[in-house]
Amino acid sequence: MPSRRRFLQSNLLAGAGLLLPGHTGASAETLPDLDVPAPEALDLTPARWIWYPSGRTLANTFILLRREIDLPTRPTEARGWILGDSRYRLWVNGQRVQWGPAPADPRFAEADPLDLAGYLRAGPNVLGVEVLYYGHGDGTWPTGKPGFLFSLELTLPGGASRRLVSDADWRAHWARSWPAGQYKRWYLRALQEEFDARLYPEGWLEPGYVAGADWLPAQLLTGRADQPAIATDYPDYAGDVSAGAGTRLLPRRIPMLHEEGVDVRGMVDAYALQWQHPPEAYFALLVPDAYQVVRAPVATPAADGWQVSRPAGQAAVLTFDLHEQVVGWPYFEIEAPVGTTVELLTHEAHDASRPALINTHFNAWSRWICREGWNRFEAFDFESLRWLQLHIHPGEGPVRVRGLGVRRRVYPWRQEARVAFQGAPDLQRLIGASLNTLDNCAQETLVDGMGRERQQYSGDVGHQLHALYTLRGEYDLPARYLATYSQGLTREGFFLDTWPAYDRLARLAQRQLELTPWGPLLDHGVGFTFDSWYHYRYSGRTADLTEVFPRLLRFYNYLLALRPPGGLLPVEDLGIPVVWIDNYFERQSDKHCAFNLYVAAMMRTPLPELCQAMGRADLAQRVRRRGDQLLRATQQTYWDGHTFVCNRPQLATGEAPRYDYRSLSMALLHDLCPGGEVAPSLDLLVRMPPAVAPAFLPNEGWRLRALARHGRADVVVRELRERWAPLNTVVQNNTLGEDWDMQPDGRSQWSHAGVAPLYLAVMGLAGIEMLAPGGREVRIRPQLADLPGLRLSCHTPLGPIGFEAVGQTLTLDLPPGLSAELWLPPGLTPRDLTPVDIRPEAQVFRLTGHWSGRFR
């Protein structure tokens, strides 16, 4: 498991269910189990699930599906749905249309929308689909069954209509250009792509292609067109899974991603390799000392690319880079002798001063074998990369390379992010790196990074939600995140915290046999409850929570069952799940205070407010009372009269006091300090002496938010400048990584979801915080420290909040229907406003509409 998490977890997947079963550890405070409303299914009848005629499908099998259609005229509309398990690439008349579907729970797969009017024409047309069945677990695919489903409604000029569906009229071809049964790349990447162009049926995507005997009528699978492929009768010979009742085929909840080509910046290096062992052995088995680098002139610029020469018996290596790190499908063109093999290697970070194959990032390579003439190769599955390398072998003869780049994939954002620092180019560059990171991590699911895992988390990954709401005005992508993540609830009541992904599904069995320290993270379940609350606060959309809310109550009941009467929730010996919290703790027991404060905060505000919003006010008081009880028990155990000491029970044995950023941050963010005594905790968070366990980078946002909330924006600005802006990932890749000290050519993720600078600009420096659901009421507490100026737009469902603080002038533009509390330091009173409240830390003013004030 990745090094960013060190420790424990697992169990057996059960009903993300439409009905949640009763909890065995019920008590007087256990909340009732509520039915999870069944999502409305998408019924594509009379379409049928189809596949290549077969009784089993090996892992990493590719099937080509082809359908010809003759049209009297070009249609005015051609809309429908498509779904392939596990992934598909759709072509119409030789043009690439789209790739999908989005990662989803296999019981609730989502069909992608189609709009093909711009691709179809009068006369013969060809629909071609390449469908990959993973078969191996992946960070984007937990399990499933092979199958393809398609439905298209065409409207012709004059109003005539025609329907085209997946049925036995489609022709299916087993694409042996990709070897079926291919081994997986690593634990969380299913496809180690290998493609032999000599075996690919050229021309099959165009009209006029004559299909041979190896094109068979598609096999009709027994299964309903309102259920996913996992509910068909096709045998899963490797996993022996099946499903039926309770499964639903759903429409895609978010738009298709935007795609655009990005060229490489240039060739950085080129040299030869002398192989000591067969390269096939090296790539398959990572044989050590398999090659030697030979400095030789193997590539020279040509008119439209590079001319490559290979010394006798040696391979050529060409290394290229991109302007910044991106996520997408790498591609290149090559003209070489028939049978020439090219390994395409990708990496997020590379030190070009040390020539070597960049095969140090979870086997991120694919293999391509050339046919005669020019070949254009494009990876079927997407990568996260800034570096791209070609390893060309064997034999001799002229080789030309051109057209290298990446088909980048980015979510089609509702709004352009607007954050502009005046007189702070270092911070502006940091904002740009944070936005690029958000582009890479928030796509169809919210992931930590796309290079290693590609799987969805809450906790340290959930922070990026703040940036999606405030700077992108995006609500549909977070709503999909909430639904898909919540579907990973187990029968026991904890969440598979990477759902929908293979990781925790596999960890369940491993934890039963104590074969891994990894498993479902309970603190991420707590974080997910906060995520659901934030969604309600930012969007006001309770409809997005109807499926989620009953599962949150189930998780709450699970936590109650863990807690002994009057005691605290444990963080050790939990069986299958574990508590992570963060990396840098002395020992697991030191997380006890932080975890219990986190849960107490969840029970005191987020979950009760959600109970109120979902029409269960009767439950809110019970949850809040439990939160107050847990907080008092935590204070009794860990509060020393000044602050929370995470090893306080051990002080009697002579241990020196230890603290942790998480407990201190939770206490300051959620008012958990007895009597409002915050100064000692704030001082520790400012100074961060060695006795305070620090945060792993993506979680540092909690600490900086706590500092800003208590008036220490000066520390926030200083650390953004001194710790964040100079990071290697910012300078080299225009991204934020997962650790403070990132080195190239390693296994860490250089584009990771810790986009704290984005939400700190809004929540910390502009001080904009939602006080009522849907942004109806906000607090604005500007504190720019020594910054000359800041301009930004904070989006709400009512419209954007325009914020501009430059020099001595503060200007606010509030959308209609939004009311704001403006908090200003004592003594700083605008001439045209009268405070509605005066507090020790601030004067409070009430604003609507447009307002501008000038201050000394």
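Residues numbered from 1 in each chain as written. Predicted model: local features only at pLDDT ≥ 70, side-chain atom pairs only at ≥ 80, totals over all residues. Heavy atoms only, no water.

Student: Which residues make up empty space enclosed by the protein, and what are the values?
Tutor: All chains considered together, the criterion is met by five cavities of 30 Å³ or more. A volume near 160 Å³ is recorded for the largest cavity. In terms of lining residues, the largest cavity is bounded by 20 residues, among which Asp 85, Ala 104, Pro 106, Ala 109 and Trp 141 are the most central. Per-class residue counts for the lining of the largest cavity are 11 nonpolar, five polar and four charged. Space inside the second largest cavity adds up to approximately 100 Å³. Surrounding the second largest cavity, 13 residues form its lining, His 463, Phe 530, Asp 531, Tyr 534 and Trp 702 being those nearest its centre. Only α6 (522–539) and α13 (700–709) provide two or more residues apiece to the lining of the second largest cavity. In terms of residue count, the dominant contributor to the lining of the second largest cavity is α6 (four residues). When grouped by side-chain class, the residues that make up the lining of the second largest cavity number four nonpolar, seven polar and two charged. (1 Å grid on protein atoms, 1.4 Å probe; cavity = no way out; pocket = protein on both sides within 12 Å on 5 of 7 lines; lining within 4 Å. Points joined across faces, edges and corners; volume = space filled by probe spheres on them. Nonpolar A, V, L, I, M, F, W, Y, C, P; charged D, E, K, R; others polar. Helix = DSSP H or I, 4+ residues; strand = E, 2+ residues; numbered from the N terminus.)

Student: Please provide a residue-by-residue account of the side chain of Glu 130, values included.
Tutor: Mapping Glu 130 onto the fold places it in strand β7 (residues 123–133). Relative accessible area serves as the criterion here: at 1%, Glu 130 is assigned to the buried category. Among the polar contacts listed, one links the side chain of Glu 130 to the side chain of Arg 89, at a separation of 2.6 Å. A distance of 3.1 Å separates a polar atom in the side chain of Glu 130 from a polar atom in the side chain of Trp 91. The residues touching Glu 130, leaving out its near neighbours within four places in the chain, are Ile 63, Leu 64, Arg 87, Tyr 88, Arg 89, Trp 91, Trp 178, Tyr 200, Trp 204 and Phe 380. (Buried < 20%, exposed > 50% of the residue type's maximum accessible area, 1.4 Å probe, protein only. Polar contact = N/O pair within 3.5 Å; in protein donor to acceptor, adjacent residues only side chain to side chain. Contact = heavy atoms within 4.5 Å.)

Student: If you had to explain the sheet that holds strand β5 (residues 95–100) to someone new, which residues and values would you point to?
Tutor: Read across the open sheet, the six strands follow the order β5-β4-β7-β2-β10-β12; overall the sheet is antiparallel. Only two strands of the sheet have a single partner each, and these edge strands are β5 and β12 (215–217). Averaged over all pairs of adjacent strands, the angle between their axes in this sheet comes to 25 degrees, without regard to strand direction. (Pairing = 2+ DSSP bridges. Axes fitted to C-alpha atoms, helices over the stretch in contact; angles between N-to-C directions.)

Student: Can you explain helix α9 (residues 606–613)? Please cite residues and give values.
Tutor: Burial of α9 is extensive: six of the eight residues sit out of reach of the surface. Along its buried surface, α9 packs onto α6, α7 (549–562), α8 (592–604) and α10 (617–638). Directly beyond the C-terminal end of α9, a positive phi value near 80 degrees is found at Gly 615.

Student: Pulling in residues and values, what's your account of the pattern of salt bridges?
Tutor: According to the stated counting rule, one finds 67 salt bridges in the structure shown. For Arg 386, the salt bridge is made with Asp 321, and the minimal N-O distance between the two is 3.1 Å. On the criterion of sequence distance, the pair formed by Arg 386 in strand β24 (residues 383–393) and Asp 321 in strand β20 (residues 315–335) is long-range, its members being 65 residues apart. Asp 321 carries the same exposure label as Arg 386, and that label is buried. The closest approach of N and O atoms between Asp 439 and Arg 472, which form a salt bridge, is 3.7 Å. Taken together, the positions of Asp 439 in helix α2 (residues 425–441) and Arg 472 in helix α3 (residues 464–472) put the pair 33 residues apart, joining distant regions of the chain. By the burial criterion, Asp 439 is buried, and Arg 472 matches it. What you see here is one network of salt bridges that share partners, running through Arg 96, Glu 259, Arg 376, Glu 378 and Arg 407. (Salt bridge = Lys/Arg side-chain N within 4 Å of Asp/Glu carboxyl O.)

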